[in-house]
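# Residue-level structural notes
Chain by chain, the residues run as shown.
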Amino acid sequence: MMQTFSNMKKFLKAFSFLKKDKKNKDFLKKIEDYFASGGVIRIEKKDKKEWPKLIYPTKEIIRKNIKQKSDVKKKLETTKRDWQARLIKAQTYHAVHSVKKISSPLYWEHLAKYAADKNYRDSADKVKLPAHLVTDPRWEPMIRMFVKNDEYRQQLTETVTTSIVYKNDRKVAKFADSLQDFRKDKSQSQIDSINKKIEELNNSINALKAIQRWP
């Protein structure tokens, strides 16, 4: 007699005796995962006393499926490492530039003016000048103009202190924080999504391996 199963309820009805032994708990969980991923089991049973023969999936199909899913898992793990690197880069962005700033002559010029010039110091404080980002190509031109150009510094200070755009946050480089927050959220979201897919693949692979050991 041939039987086909595509869900756990029907399978357990035919193999109810498996539930009686706790040793089969892990095996049944893997069979449940197999069905959950859309798997189908087909058996042939000629005698009530004998263990049924597995007709589908065949050993070859199982082997190919395991390899296919393992290959997908490897690619996901590579992609996950890339997103983890992006996450770390975003998390350490300010710390890294705080170290790199020491090598910039422009940063030391800023410090000298900050210490000696009260007007310069007041302006830098008002706009919350991100001097530690002096080695970032995105912010270096603005910082350079602020340090070296009095007119630019006055205009920027006036804009930050009077414009409605800066009403709630008097920080000229607030975009730097927003950008890193976005990158952190995006990276973590991608990592979480990939972790979920890897977990599903692991469950599916383990289920196939369990069926592979079908007597």
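Not measured: the values here are computed from a predicted model.

### A closer look at the pattern of salt bridges
- Scanning the entire structure with this criterion turns up 9 salt bridges.
- Between aspartate 33 and lysine 29 there is a salt bridge, and its shortest N-O distance comes to 2.8 Å. With aspartate 33 and lysine 29 both in helix α2 (residues 25-36) and 4 residues apart, the pair spans about one turn of that helix.
- What makes lysine 29 partly exposed here is its relative accessible area of 41%.
- Two residues, glutamate 109 and lysine 148, come together in a salt bridge whose shortest N-O distance is 2.9 Å. Taken together, the residues span a long stretch of sequence, with glutamate 109 in helix α5 (residues 105-116) and lysine 148 in helix α7 (residues 140-148) at a distance of 39 residues.

### Concerning a nonpolar patch on the surface
- Taken together, the side chains of Ile102, Trp108 and Leu111 present a nonpolar region at the surface, about 290 Å² in accessible area.
- Relative to the helices and strands, tryptophan 108 resides in helix α5.

### Some words on the layout of surface pockets
- Roughly 330 Å³ of internal volume is contained in the largest pocket.
- Lys89, Ala90, Tyr93, Gln180 and Arg183 are the residues nearest the centre of the largest pocket, which is lined by 19 residues in total.
- No other element matches the 8 residues that helix α9 (residues 174-212) contributes to the lining of the largest pocket.
- Each residue belonging to the lining of the largest pocket can be placed in one class, and the counts come to 9 nonpolar, 4 polar and 6 charged.

### Some remarks on the nonpolar core
- In this structure, Phe11, Ile31, Phe35 and Ile41 are the most contacted members of the largest nonpolar core, which totals 21 residues.
- When contributions to this core are tallied by element, the ones reaching two or more residues are α1 (8-14), α2, β2 (41-44), α3 (59-91) and α9.
- Discounting residues that sit within four places of it in the chain, phenylalanine 11 has contacts with Phe5, Leu18, Leu28, Ile31, Phe35, Ile41 and Trp214.
- In terms of nonpolar packing, the next biggest core, distinct from the first, is built from 20 residues, Tyr107, Ala124, Ala131 and Trp139 among them.

Analysis parameters
Residues numbered from 1 in each chain as written. Predicted model: local features only at pLDDT ≥ 70, side-chain atom pairs only at ≥ 80, totals over all residues. Heavy atoms only, no water. Salt bridge = Lys/Arg side-chain N within 4 Å of Asp/Glu carboxyl O. Helix = DSSP H or I, 4+ residues; strand = E, 2+ residues; numbered from the N terminus. Buried < 20%, exposed > 50% of the residue type's maximum accessible area, 1.4 Å probe, protein only. Patch = residues over 30% accessible without salt bridge, like charges linked within 9 Å, V, L, I, M, F, W, Y side chains within 5 Å. Areas by Shrake-Rupley, 256 points an atom, 1.4 Å probe, with all protein chains shown as cover. 1 Å grid on protein atoms, 1.4 Å probe; cavity = no way out; pocket = protein on both sides within 12 Å on 5 of 7 lines; lining within 4 Å. Points joined across faces, edges and corners; volume = space filled by probe spheres on them. Nonpolar A, V, L, I, M, F, W, Y, C, P; charged D, E, K, R; others polar. Core = buried A, V, L, I, M, F, W, Y, C linked by side-chain atoms within 4.5 Å. Contact = heavy atoms within 4.5 Å.

Spatial relationships are all this shows, so hold off on functional conclusions.
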